[in-house]
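Take a look at the letters that make up each chain.
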Amino acid sequence: MSYETLIVEQTEGVTMIRLNRPEALNALNSQLLGELCAALDAAEADEAVRCVVLTGSDRAFAAGADIKEMSTKTYAEMFKQDFFGASARRIEQFRKPIIAAVAGYALGGGCELAMLCDFIIAAESAKFGQPEINLGVAPGIGGTQRLTRFVGKSKAMEMILTGRMMDAAEAERSGLVSRVVPADQLIGEAMAAAAKIASQSPLAVMMNKELVETAYETTLSTGVAVERRLFHSLFAFDDQKEGMAAFVEKRKPDFRGS
Ligand code: CO8
C-alpha cells in the first residue's frame, strides 16, 4: 500500500511509520490520520508484525492538528464528523505495542498522538506541549486527561493553561517519556526496543499491554485480580511452555505465538 503523508518501512517483526508532511511540520490533517489508521489496520492484520514504531522528522514529531484545515469549521461540522474521534479510538484500540520516537515538536494533537502510544522515547531535541489555549481552544484527543495522568495536576494545568512547552529533560523527570537519547540515536534505540519486543511471545506482549492499560481504567484491587486471571491464562499457551523450558534448558526461546 502506498501513502502520501506517511513513509512505512518493514523490518523483521517491526513496522516503522514515519509521519511525512514536512511542509506543515507533520500537522495532523484528515488525510494523514486516515492513512495512519490504514497503516495500523495493515500492521494489525499482519501476523509477522509484532511492534510498531511511530516517528516524525528531526524537526517535528507533529506540530498538532492542522490549524489551516480546522480554522473555518463550524461546531455542527466538528460534531457531525466526530472530528478525529474515530482516529483516536483506532489508535487507542490497536492491540500490538506502538512506540513513539519523538524528535522536535510534539505539540497539541502531536503530543496527544505520542501519549496514545504505549511509551515514548524522546530525542534530546524533543519539545512537548499543549498550546491549544493560544488558539482559543482545548486539547481534543485526550491531552487534558492523559497529560494529567502522566505528569500530575500541577504541571499539566500549568502547561495547558499557559501553553508552555516542556523540553526532553523535563519530560523524562516528569514521567512523560520513558527515556531521552541523543537525536542521532533515536531511531536506532526505538528500533532496538521494538526488536526486543518483537522477539517475545506476541500473546504475552498483548496481554501485558492490556494489563498496564487496565491500571489506568480501574481500581487497584480489580486490576490485581484481572492480572492474576490473565497470568493464569497465559499457561494455556505453548509460548509459556517454550519460555520456561528454554530457561531450564539454558537456551533462547522460540516463541511461535501459539
Ligand atoms: N497546522 C498547520 N500548519 C502548521 C502547524 C499546524 N499545527 N504547525 C506548523 N505549521 C506550518 C506553518 O504554518 C508553516 O507553514 P508555512 O511555511 O506554509 O507558513 C510551517 O508549518 C512551518 O512552521 P513555522 O514557520 O511556524 O515554523 P517555526 O519553526 O517558526 O515554529 C512551531 C514552529 C513553534 C511549532 C509553530 O509552527 C507553531 O506554533 N505551530 C502550531 C502549534 C500549535 O498550536 N499546535 C496545536 C494545534 S491545535 C491542536 O492540535 C488541537 C488538537 C485537537 C484534536 C487533534 C486531533 C489529531
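In what follows, the accompanying structure is described. Just so it is clear, the structure is predicted and the values come from calculations on it, not from any experiment.

The rules behind the values
- Residues numbered from 1 in each chain as written.
- Predicted model: local features only at pLDDT ≥ 70, side-chain atom pairs only at ≥ 80, totals over all residues.
- Heavy atoms only, no water.
- Disulfide = S-S within 2.5 Å.
- Buried < 20%, exposed > 50% of the residue type's maximum accessible area, 1.4 Å probe, protein only.
- Salt bridge = Lys/Arg side-chain N within 4 Å of Asp/Glu carboxyl O.
- Helix = DSSP H or I, 4+ residues; strand = E, 2+ residues; numbered from the N terminus.
- Pairing = 2+ DSSP bridges.
- Right-handed = clockwise from strand over helix to strand, strands pointing away.
- Near = heavy atom within 4 Å.
- Polar contact = N/O pair within 3.5 Å; in protein donor to acceptor, adjacent residues only side chain to side chain.
- Areas by Shrake-Rupley, 256 points an atom, 1.4 Å probe, with all protein chains shown as cover.
- Contact = heavy atoms within 4.5 Å.
- Axes fitted to C-alpha atoms, helices over the stretch in contact; angles between N-to-C directions.
- 1 Å grid on protein atoms, 1.4 Å probe; cavity = no way out; pocket = protein on both sides within 12 Å on 5 of 7 lines; lining within 4 Å.
- Points joined across faces, edges and corners; volume = space filled by probe spheres on them.
- Nonpolar A, V, L, I, M, F, W, Y, C, P; charged D, E, K, R; others polar.
- Domains from an automatic or database assignment.

1. Comments concerning the state of the cysteines
Thought 1: Taken as a whole, this structure holds zero disulfides when the rule is applied.
Thought 2: There is no disulfide at C117, and the cysteine sulfur nearest it, in C51, is 10 Å away.
Thought 3: Residue C117 is classed as buried on the basis of its relative accessible area of 7%.

2. Considerations on the pattern of salt bridges
Thought 1: Taken as a whole, this structure holds 15 salt bridges when the rule is applied.
Thought 2: D66 is the salt-bridge partner of R21, the closest N and O atoms lying 2.8 Å from each other. Separated by 45 residues along the polypeptide, R21 in the loop between strand 2 (14-19) and helix 1 (30-45) and D66 in the loop between strand 4 (60-62) and helix 2 (67-70) bring together distant segments of the chain.
Thought 3: Overall, the relative accessible area of 11% leaves R21 in the buried class.

3. Concerning the pairing of strand 3 (residues 51-55)
Thought 1: Of all the five residues making up strand 3, five are buried; the element is thus mostly covered by neighbouring parts of the structure.
Thought 2: Pairing between strand 2 and strand 3: five bridges, direction parallel. Each bridged residue has a counterpart across the sheet, and for M16 the counterpart in strand 3 is V53.
Thought 3: Between the parallel elements strand 2 and strand 3, the chain passes through helix 1 in a crossover that is right-handed.
Thought 4: Pairing analysis gives four bridges linking strand 3 to strand 5 (residues 98-102), with the strands arranged parallel. Across the sheet, residue V53 finds its bridge partner in strand 5, namely I99.

4. Overview of the site of the ligand
Thought 1: Of all residues adjacent to the ligand, which total 25 residues, the nearest are R59, A63, A65, I67 and G109.
Thought 2: At 2.9 Å, a side-chain N or O of R59 approaches an oxygen atom of the ligand.
Thought 3: Here an oxygen atom of the ligand and a side-chain polar atom of K68 are 3.0 Å apart.
Thought 4: Notes on the ligand: free accessible area 1,100 Å², of which the protein chains cover 68%.

5. Quick look at the sheet that holds strand 9 (residues 166-167)
Thought 1: Pairing is mixed across the open sheet formed by four strands, whose spatial order is 4-6-8-9. Of all the strands in the sheet, the pair left with one neighbour each is strand 4 and strand 9.
Thought 2: Of the strands in this sheet, strand 4, strand 6 (105-107) and strand 8 (127-129) touch helix 5 (residues 109-116), which is tilted by about 95° from strand 6.

6. Considering the layout of surface pockets
Thought 1: Computed from the structure, the largest pocket encloses a volume of approximately 860 Å³.
Thought 2: The dominant element in the lining of the largest pocket, judged by the number of residues it contributes, is helix 10 (residues 202-215), at six residues.
Thought 3: Here the lining of the largest pocket is built from residues that sort into 17 nonpolar, four polar and seven charged.
Thought 4: A domain split of the lining of the largest pocket shows at least three residues from each of domain 1 (6-198) and domain 2 (201-249).
Thought 5: Approximately 610 Å³ is the volume found for the second largest pocket.
Thought 6: Forming the boundary of the second largest pocket are 25 residues, of which A65, M70, E132, V137 and A138 lie nearest the centre.
Thought 7: Counting only elements with at least two residues in the lining of the second largest pocket, the list comes to helix 2 and helix 5.
Thought 8: For the lining of the second largest pocket, the residue count by class is 16 nonpolar, six polar and three charged.

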